[in-house]
Amino acid sequence: MNQPSVSAAPRLAAGGTRPARPAGFRVPVLATQLLILAVLFGAWEAGVRTGAVSGFLFGSPAGVLQAAWKMIQNGELWEHANYTLWASAVGFVAGTFLGTVPGLALWYSPYAARVVEPFLVAINSVPKIAFAPLVILWFGTGVISKVALSVSLTSIVALLAAFQAAKDTDPDIQKMMVSLGATRRQIFRKVVVPSALPAIISTFRINIGFALVGTVVGEFISSKYGLGHVIFVASSLYDLNTVWVGIFSLMLLGFVLYAGVDIAEKRLLRWKDQTYATQFKL
């Protein structure tokens, strides 16, 4: 029998249980990403300088850099970004926890799940932004209202995702556990929760965007701080360069929160082999 070559077989990490990450991918991928950004921003700047693109309506990369540098020098950018990041992170963590725990707990009682499911669907069907004026009235114009808006957006998504993931747990495995004498609590801890974790972690990534949306909308409506406030004020003054500074800063905050979720996934899903990268030779 012919033995597969070493280069064709997935390389294993030191422990022999997880394929090693192909380090050779990183430099080409990063170079390609930087090239794409350079082309996009270069074309944007060239269009503004040649008059093909209106700098008044779209701003320019040079103008964005000048506006960003000015806000960095006076500390304004960090102050607003820190405000938005703190509110979004707290809203994300609180909303995800408040949604995930009850969603998993509904697995214990199919009767309760059937009772509350129509209400959950009804609440989820309503755009949460419609509650923003009420939340501002209830919690005031401070940071608490921004956190509350983030919680309102993230909790219902986390709840529905956790509930669905728990329902989708393999029934054959559950039956086998019952035949082996496992209690309902043991089935929940050993089967349901590990089975639902990948779907729950995926929902974390979706909730990053919802948390930022809740915070920014609250800053649009009533706030003296935050990147949403920066974007709202700059747009009302037709300062498109500063608007882009706020938008790009929100993207960076999204990357920060995404990195946190990625770290959590690696810690919570150590048992899950991540073999995708070894499937291809780029």
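Residues numbered from 1 in each chain as written. Predicted model: local features only at pLDDT ≥ 70, side-chain atom pairs only at ≥ 80, totals over all residues. Heavy atoms only, no water.

Asks: Kindly report on the confidence of the model for the protein, identifying the contributing residues and their values.
Replies: Predicted coordinates in regions of low pLDDT should not be interpreted in detail. Here the protein shows a mean pLDDT of 81. Residues at 70 or above account for 87%. Confidence over residues 1-20 falls short of pLDDT 50; this stretch has 21 contacts with residues more than four positions distant or in other chains. The low-confidence segment residues 275-282 (pLDDT under 50) makes nine contacts with residues lying over four places distant or belonging to another chain. (pLDDT = per-residue confidence, 0-100. Contact = heavy atoms within 4.5 Å.)

Asks: Now, about the environment of Gly 228: what can you tell me, with residues and values included?
Replies: Position of Gly 228 among the secondary structure elements: in helix α10 (residues 227-236). In this structure Gly 228 comes out as buried when scored by relative accessible area, which is 0%. Placed 16 residues apart in sequence, Gly 228 and Leu 212 show a C-alpha to C-alpha distance of 9.5 Å. Ignoring any residue separated from it by four or fewer positions in sequence, one finds Gly 228 in contact with Thr 84, Val 216, Glu 219 and Phe 220. (Helix = DSSP H or I, 4+ residues; strand = E, 2+ residues; numbered from the N terminus. Buried < 20%, exposed > 50% of the residue type's maximum accessible area, 1.4 Å probe, protein only.)

Asks: Residues and numbers for the nonpolar core, please.
Replies: Grouped together as the largest cluster of nonpolar side chains are 38 residues, with contacts concentrated most on Leu 104, Ile 187 and Val 245. Sorting elements by how many residues they give to this core places helix α9 (residues 184-221) first, with 12 residues. In this structure, Leu 104 is in contact with Ala 162, Ala 166, Phe 188, Val 193, Ala 196 and Ile 200, ignoring residues within four places of it in sequence. In terms of nonpolar packing, the next biggest core, distinct from the first, is built from seven residues, Leu 106, Ala 113, Val 157 and Leu 159 among them. (Core = buried A, V, L, I, M, F, W, Y, C linked by side-chain atoms within 4.5 Å.)

Asks: Report on the UniProt feature "transmembrane region" (unreviewed entry) in the protein, specifying residues and quantitative values.
Replies: Within this numbering scheme, the UniProt entry marks residues 25-44, 51-72, 84-107, 119-141, 147-166, 187-208 and 242-261 as carrying the feature "transmembrane region" (unreviewed entry). Secondary structure content for residues 51-72 is 73% helix and 0% strand, while the C-alpha to C-alpha distance between its ends is 29 Å. Structurally, residues 84-107 is divided into 92% helix and 0% strand, and its ends, taken at the C-alpha atoms, are 35 Å apart. (UniProt positions renumbered as here; feature names shortened; annotations may be inferred.)

Asks: Before we move on, can you summarise the layout of surface pockets with the specific residues and values?
Replies: Of the voids in this model, the second largest pocket is the one considered here, and its volume is about 390 Å³. Mapped by element, the contributors of at least two residues to the lining of the second largest pocket are α1 (26-50), α3 (61-73), α4 (76-105) and α11 (240-268). The element contributing the most residues to the lining of the second largest pocket is α11, with seven residues. Grouping the constituent residues of the lining of the second largest pocket by class yields 14 nonpolar, one polar and no charged. (1 Å grid on protein atoms, 1.4 Å probe; cavity = no way out; pocket = protein on both sides within 12 Å on 5 of 7 lines; lining within 4 Å. Points joined across faces, edges and corners; volume = space filled by probe spheres on them. Nonpolar A, V, L, I, M, F, W, Y, C, P; charged D, E, K, R; others polar.)

Asks: Go over α3 with me, naming the residues and quoting the values.
Replies: When the terminal C-alpha atoms of α3 are compared, their 18 Å separation across 13 residues agrees well with the 18 Å that a helix rising 1.5 Å per residue should span. Within the sequence span of α3, burial applies to Pro 61, Gly 63, Val 64, Ala 67, Ala 68 and Met 71. Each buried residue of α3 lies within a common arc of 160° when the element is viewed along its axis, so the set occupies one face. Of the residues in α3, the exposed ones pointing more than 90 degrees away from the buried face are Leu 65, Gln 66, Trp 69, Lys 70 and Gln 73. Contacts made by the buried residues of α3 are with α1, α4, α10 and α11. Backbone geometry just downstream of α3 places Gly 75 in the positive-phi region, at approximately 80°. (Expected span 1.5 Å × (residues − 1). Arc of directions from axis to C-beta.)

Asks: Talk me through the pattern of salt bridges; I want residue IDs and the actual numbers.
Replies: Taken as a whole and assessed by the stated rule, the structure comprises three salt bridges. For the salt bridge of Glu 45 with Arg 49, the shortest nitrogen-to-oxygen distance reads 2.8 Å. Taken together, the residues span about one helical turn, with Glu 45 and Arg 49 both in helix α1 at a distance of four residues. Ionic pairing is found between Arg 205 and Asp 262, a salt bridge with its closest N-O pair at 3.6 Å. Taken as a pair, Arg 205 in helix α9 and Asp 262 in helix α11 lie far apart in primary sequence, 57 residues in all. Taking relative accessible area as the criterion, Arg 205 reaches 22% and is therefore assigned partly exposed. (Salt bridge = Lys/Arg side-chain N within 4 Å of Asp/Glu carboxyl O.)

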